[in-house]
Amino acid sequence: IMKEYDNKAYLYMLPALALLVIFVFYPFVQTIIRSLYTTDNMGSNTLFIGLENYSDLLSSASFWNSLKVTLIYVLIVVLFGVLIGFATALLCRVNFPGIRLFSAAYSLPIAIASSGMALVFKVMLNQSVGILNVLLKTNINWLADPKWALISVGILTAWLNSGMNFLYFSSGLAGIDDSLYEAASIDGANGPNQFIHVTLPSVRPIMFFVVVTNIINAFQSFGQIKLLTQGGPGEATNVIVHDIYKNAFMNYRYGYASAESVVLFIIVMILTIIAFRSNGDRNASK
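About the criteria used
Residues numbered from 1 in each chain as written. Predicted model: local features only at pLDDT ≥ 70, side-chain atom pairs only at ≥ 80, totals over all residues. Heavy atoms only, no water. Salt bridge = Lys/Arg side-chain N within 4 Å of Asp/Glu carboxyl O. Helix = DSSP H or I, 4+ residues; strand = E, 2+ residues; numbered from the N terminus. Buried < 20%, exposed > 50% of the residue type's maximum accessible area, 1.4 Å probe, protein only. Phe/Tyr/Trp six-rings, centres within 6.5 Å; stacked < 30°, edge-to-face > 60°. Lys NZ or Arg CZ within 6 Å of the ring centre and 35° of its normal.

Visitor: Account for the pattern of salt bridges, with residues named and values stated.
Guide: Pairing between side chains of opposite charge can happen when their charged atoms approach one another. Counted under the stated rule, the structure contains two salt bridges. The salt bridge involving E235 is made with K246; its shortest N-O contact spans 3.7 Å. Residue E235 is located in the loop between α10 (223-228) and α11 (240-249), and its partner K246 is located in helix α11; the two are separated by 11 residues in the primary sequence. Between D243 and K246 there is a salt bridge, with the nearest N and O atoms lying 3.7 Å from each other. Taken together, the residues span about one helical turn, with D243 and K246 both in helix α11 at a distance of three residues. Taken together, the salt bridges that share partners define one network made up of E235, D243 and K246.

In structure tokens:
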């Protein structure tokens, strides 16, 4: 009887597995294969060249610049996105009139398409009519100045991610037993000490999950960069995903872009493994 139930379970999984094979595993294998070939303008493999695309990629100054830009961008997105999500979740722990309205506002970025919000930010950051320059009394071309373009796009992405981060942290904070705070208060711990010794250790698993997912999402960012800066000015916001798009669909170097995609996958995989191992070592030390 148990074997019959196991077989039925696999049958129920088949549609999901089929979708994964068709839309995830098969394209990934094809990307690896294409990275070993030169291609024509339609993306068809023409000549097997082995690892030549990878050697060209690793000797390209443009690739190393896009990697540096990507790492800075990921740092901005993760730092601000996690801080905003955590801070707003902490604010919503306090009961006051209108708390539901604030909770809805903090989680609102989930419901906003990144492309639509990018167009709104494009107007807000405009040098002539943008509200940001009016409020700050500045005259900065936020999206055309190499010093500010990456920061501007990074903070926009961080804000878009903050809504989901807010929900994750809110669920984590709601799961903390009030008795822990009562015991800490009886022991003489004030607010900051309770935050350091009760709140932070309790949300550490959620914090780890949020940081890892934010890193992966930041590496995959494309829409807002394409709409706001198109990788410019110069290559100031030319993150790896945008560079892959440019090489594939503007320069028609599909094999080279495939090699870049594989390298991006390896980078994200290594960072994820490091994060999981460091978290496992921290848990083991306890």
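After that view of the structure, there is still more to cover.
Visitor: Give me the lowdown on unusual backbone geometry, citing residues and values where you can.
Guide: Residues G232 and P233 are joined by a peptide bond in cis, for which omega reads -5°. Mapped onto the secondary structure, P233 falls in the loop between α10 and α11. Unlike most non-glycine residues, K137 shows phi in positive territory, near 55°. Looking at the secondary structure, you find K137 in the loop between α6 (131-136) and α7 (149-174). The exposure class assigned to K137 is exposed, which follows from its relative accessible area of 76%. Phi is positive for Y252, which is not a glycine, with a value near 60°. Looking at where Y252 falls in the secondary structure, it is placed in the loop between α11 and α12 (254-285). For Y252, a relative accessible area of 39% corresponds to the partly exposed category.

Visitor: Explain the packing of aromatic side chains to me, using residue names and the numbers behind them.
Guide: One pass over the structure, following the stated rule, counts 14 aromatic pairs. Seen in terms of ring centroids, F121 and W159 are 6.4 Å apart; in terms of plane orientation they differ by 35°. Their pairing is tilted. With F121 in helix α5 (residues 114-124) and W159 in helix α7, this residue pair connects regions lying 38 residues apart in the sequence. A relative accessible area of 16% means that F121 is categorised as buried. The exposure class of W159 is partly exposed, given its relative accessible area of 28%. Centroid distance F249 to Y254: 6.1 Å. Interplanar angle 85°. Geometry classified as edge-to-face. Its relative accessible area of 53% is what places F249 among the exposed residues. Classification of Y254 by relative accessible area gives buried; the value is 15%. A connected cluster of aromatic rings, assembled from ring pairs, spans F222, Y245, F249, Y252 and Y254. One Lys or Arg, R253, reaches over the ring of Y256 and ends 4.0 Å from the middle of that ring.

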